[in-house]
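What follows is the residue order along each chain.
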Amino acid sequence: MENIKAYVQEHKDRFINELIELLKIPSVSADTAYSHDVFATADAVKASLEKAGCDFVEICDTPGYPIVYGEKIIDPNLPTVLVYGHYDVQPPDPVELWTSPPFEPVIKKTEIHPEGAIFARGACDDKGQMYMHVKALEYMVQSNTLPCNVKFMIEGEEEIGSKSLSWFVERNQEKLKNDVILISDTGMISNQQPSITTGLRGLSYVEVEVTGPNRDLHSGLYGGAVANPINVLAKMIASLHDENNHITIPGFYDNVEELSLEERAEMAKAPFNLENYKKAIDLNDVYGEKGYVTNERNSIRPTLDVNGIWGGYTGEGAKTVIASKAFAKISMRLVPNQDWEQITELFTKHFTSIAPAGVTVLVKPHHGGQGYVTPIDSIGYKAANMAYTETFGVPAIPVRSGGSIPIVALFEKELKSKTILMGFGLDSDAIHSPNEHFGIFNYLKGIETIPLFYKYFVELTK
Ligand code: BES
Ligand code: MN
Ligand code: MN
């Protein structure tokens, strides 16, 4: 394995250039205007897996965007690692806030990435992190060190709820059979302190529509005498949290797992600096649920957030109008044991029940998924920790993340295997934001670390 460092050094320019080519294709799954590019990206991923040494690669058509499946089976008696990743990306908007165009990748130095970072939509989430696995395979094949079987399943709808992947997994249990699922689509604490994600939050995403009068009205002629849907929506949303920032939906917390004081004390050991946290996002203070600290609020506690709100006149100047309708998109991040479909029902029931006379309310569920927690005494976790310890010089810290990869809970249910979340991104990499980037250090370190996971996983399985 000593050779992986040398191999990365020798080939790093090519590794970077290959990723840059992949990042140039705008595979935005949310916007059908990019549909052609999403399909083209699947083809590019397929070609890269073939080149890296998979024996068999195919584009699997689904009702939505295709799934790229690849494999290299060296011996059916050896363990199998299933690598999952996604080749779709978030929409780049607001494009005017990017310092360079989102699909024209460039390398720039930052304070956190003095050796440079690739700036492009998808650089970290998830093309860059997914491609580390392709290059790690290339190394293991070239050096004849692949110690087990490997399967790749790279999807194109993660950012819009992984509908087709659920469809695919349910129909291909045998094909996807594995001993461990390996994903790099999360982050770590810092470039000096690796961490392994042991939990993901679940998600319930809904859209609400409040309707008042049958047309937009003159706000002088009718103002004060009819319910204004925007006023009402704002009031309804405000009532969803109490003065302690607890969520007020009846039953919302019923299944929330309360961590013991010991577990919370363990969590508090992870390095965290509140002043730096605030400074990085220009805040004068943090905000959240009473009784919990920042690192708990964003990981082990459920949330309810408005992601977008609109209605009425928002153009230039003033228009005196009471809108007929008001809308909002709301996400609830859930913790283990909260069932996303049940929470969606509770929300719908509560939100319609608090609507005052004079408006009607419609709740449209979008998508969701269950949360996930994984133990730290599994072979997979141990192997990942050994790999990080070797490449970073310090052991990894287990961390529960606030983000969601809903498909992970489904993998466990359908494929009966555990997922190891070996992320190499940083919170400051601006995923989903303008100027997303991925450190060159992180990219190359990922390529170096992944083959060690294979090595230790197979050793520990014996
Ligand atoms: N890779 C992210 C999730 C993530 C990022 C988890 C960092 C932990 C740390 C993923 O692509 C994502 O954005 N997921 C969505 C959910 C999905 C259903 C749209 C999310 O968390 O908002
Ligand atoms: Mn992702
Ligand atoms: Mn994402």
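Along each chain, residue indices are assigned from 1 in the same order as the chain's sequence is written. Chains carry letters and ligands carry numbers; both start at the beginning, A for chains and 1 for ligands, and go up in the order they are written. Restriction of local features to residues with pLDDT of at least 70 applies here, the model being predicted, together with a cutoff of 80 or more for giving and counting side-chain atom pairs; totals for whole chains, interfaces and linings are based on all residues. Side-chain measures were taken over the full set of non-hydrogen atoms in the model, leaving aside hydrogen atoms and water.

By the naming in an unreviewed UniProt entry, the protein chain is Acetylornithine deacetylase/Succinyl-diaminopimelate desuccinylase, taken from Flavobacterium xanthum.

## What to know about the site of ligand 1
In this text, near means that some heavy atom of the residue lies within 4 Å of the molecule or strand in question. In the vicinity of ligand 1, 16 residues are found, and the nearest of them are Glu 158, Asp 185, Arg 333, Ser 404 and His 432. Within 3.5 Å is the distance limit for a polar contact, defined as a pair of N or O atoms, with the added protein rule that one can donate a hydrogen and the other accept it, and that residues adjacent in sequence qualify only through two side-chain atoms. Taking Glu 158, its side chain carries an N or O atom lying 2.6 Å from an oxygen atom of ligand 1. For ligand 1, an oxygen atom lies 3.2 Å from a polar atom in the side chain of Glu 159. With the chains in place, 88% of the 520 Å² that ligand 1 exposes on its own is no longer accessible. Its residues placed into classes, the shell around ligand 1 shows 4 nonpolar, 7 polar and 5 charged. Bear in mind that the domain bounds are from an automatic or database domain assignment. Residue contributions to the shell around ligand 1 reach at least three from each of two domains, namely domain 1 (2–200 + 371–461) and domain 2 (202–256 + 302–369). Only the protein chains shown count as covering a residue, and every accessible area follows the Shrake-Rupley method with a 1.4 Å probe. Three residue categories are used. Nonpolar comprises Ala, Val, Leu, Ile, Met, Phe, Trp, Tyr, Cys and Pro, charged comprises Asp, Glu, Lys and Arg, and polar comprises the others, including Gly.

## With respect to the sheet that holds strand 18 (residues 437–439)
Taken in spatial order, the 3 strands of this open sheet run 4-5-18, and their pairing is antiparallel. Lying at the two open borders of the sheet, with one neighbouring strand each, are strand 4 (106–108) and strand 18. Within this sheet the neighbouring strands show an average axis-to-axis angle of 30°, counted without direction. Where strand 4 lies against strand 5 (residues 117–119), 3 bridges are found, and the strand directions are antiparallel. Bridge pairing links Lys 108 to Ala 117 in strand 5. A pair of strands counts as paired when DSSP detects no fewer than two bridges linking them. Helix and strand assignments follow DSSP, with helices taken as H or I runs no shorter than four residues and strands as E runs no shorter than two, numbered in order from the N terminus. To obtain an axis, a line is fitted to C-alpha atoms, over the contacting stretch when the element is a helix, and the angle between two such axes runs from 0 to 180 degrees between their N-to-C directions.

## Looking at the coordination of the manganese ion (ligand 3)
Each metal's donors are the N, O and S atoms within 2.8 Å of it, or within 3.2 Å when it is Na, K or Ca, and because water is not part of the set, sites may look incomplete. At the metal site, the manganese ion (ligand 3) is ligated by Asp 125 (OD), Glu 159 (OE), Glu 159 (OE) and His 432 (NE2), and these contacts range over 2.1 to 2.5 Å. The rule is simple: four donors are tetrahedral if all their angles sit between 85 and 135 degrees, four are square planar and six octahedral if opposite donors span more than 155 degrees and the others lie between 65 and 115, and anything that fits none of that is irregular. Around the manganese ion (ligand 3), the 6 donor atoms sit at angles spanning 56 to 154°, and that spread fits a shape best called irregular. In primary-sequence terms, the residues that donate to the manganese ion (ligand 3) follow D-x33-E-x272-H. Distance-wise, the manganese ion (ligand 2) is placed 3.6 Å from the manganese ion (ligand 3), both being coordinated by Asp 125. Taken together, the positions of Glu 159 in the loop between strand 6 (149–155) and helix 4 (163–171) and His 432 in the loop between strand 17 (419–421) and strand 18 put the pair 273 residues apart, joining distant regions of the chain. Exposure categories follow from relative accessible area, calculated using a 1.4 Å probe and restricted to protein chains: below 20% of the type maximum is buried, above 50% is exposed, and the middle band is partly exposed. Take Glu 159: its relative accessible area is 16%, and that puts it in the buried class.

## Points about unusual backbone geometry
A cis amide bond links Asp 93 to the next residue, Pro 94, at an omega of 0°. Structurally, Pro 94 is set in the loop between strand 3 (80–86) and strand 4. Here the residue pair Asp 125 and Asp 126 is connected by a cis peptide bond, since its omega of 0° sits within 30 degrees of zero. By secondary structure assignment, the location of Asp 126 is in the loop between strand 5 and helix 3 (127–142). Positive phi, normally seen in glycine, also occurs at Ser 162, with a value near 55°. The residue Ser 162 is located in the loop between strand 6 and helix 4 in this model. Given the relative accessible area of 4%, Ser 162 is considered buried. With a phi close to 85°, Asn 337 is a non-glycine residue in the positive phi region. Note that Asn 337 resides in the loop between strand 13 (325–334) and helix 9 (340–353). You can call Asn 337 exposed: its relative accessible area is 55%.

## Focus: the nonpolar core
Membership of the largest hydrophobic core comes to 65 residues, with the highest contact counts inside it found for Val 81, Tyr 87, Phe 152, Met 422, Tyr 443, Phe 453 and Tyr 454. Listed by contribution, the elements that provide at least two residues to this core are helix 1 (3–23), helix 2 (35–52), strand 3, helix 3, strand 6, strand 7 (180–183), helix 10 (379–392) and helix 12 (440–461). A per-element tally of this core places helix 12 first, with 11 residues. Put simply, a nonpolar core is a bunch of buried Ala, Val, Leu, Ile, Met, Phe, Trp, Tyr and Cys residues held in one set by side-chain atoms that sit within 4.5 Å of each other. Of all hydrophobic cores here, the second largest spans 24 residues; its members include Val 210, Val 232, Leu 240 and Ala 326.

## A closer look at the packing of helix 1 against helix 12
Running from amino to carboxyl end, helix 1 crosses helix 12 at an angle of 130°, the nearest separation of the two axes being 10 Å. The angle between helix 1 and helix 12 places the two elements in the oblique class. For the crossing formed where helix 1 meets helix 12, the hand is right-handed. For the pair helix 1 and helix 12, contact is made by Ile 4, Lys 5, Val 8, Lys 12, Phe 15, Ile 16 and Leu 19 and by Ile 440, Tyr 443, Leu 444, Lys 445, Ile 447, Glu 448 and Pro 451, respectively. Grouping the amino acids of the contact of helix 1 with helix 12 by side-chain chemistry returns 10 nonpolar, no polar and 4 charged. Roughly parallel covers angles under 35 degrees, roughly antiparallel covers those over 145, roughly perpendicular covers 65 to 115, and oblique covers all other angles. Throughout, a crossing is termed right-handed when the near helix is turned clockwise from the far one, and left-handed when it is turned anticlockwise from it by less than a right angle. We call two residues in contact whenever any of their non-hydrogen atoms come within 4.5 Å of each other.

## Concerning the domain arrangement of the protein chain
What the domain assignment reports for the protein chain is domain 1 (2–200 + 371–461) and domain 2 (202–256 + 302–369). Domain 1 and domain 2 are separated by 36 Å when their C-alpha centres are compared. At the junction of the two partners, domain 1 supplies 12 residues and domain 2 supplies 8 residues. Here domain 1 meets domain 2 over a buried area of about 660 Å², counting both sides, of which 54% is carbon and sulfur. Two parts placed together each lose some accessible area under a 1.4 Å probe, and the buried area is that loss summed for both.

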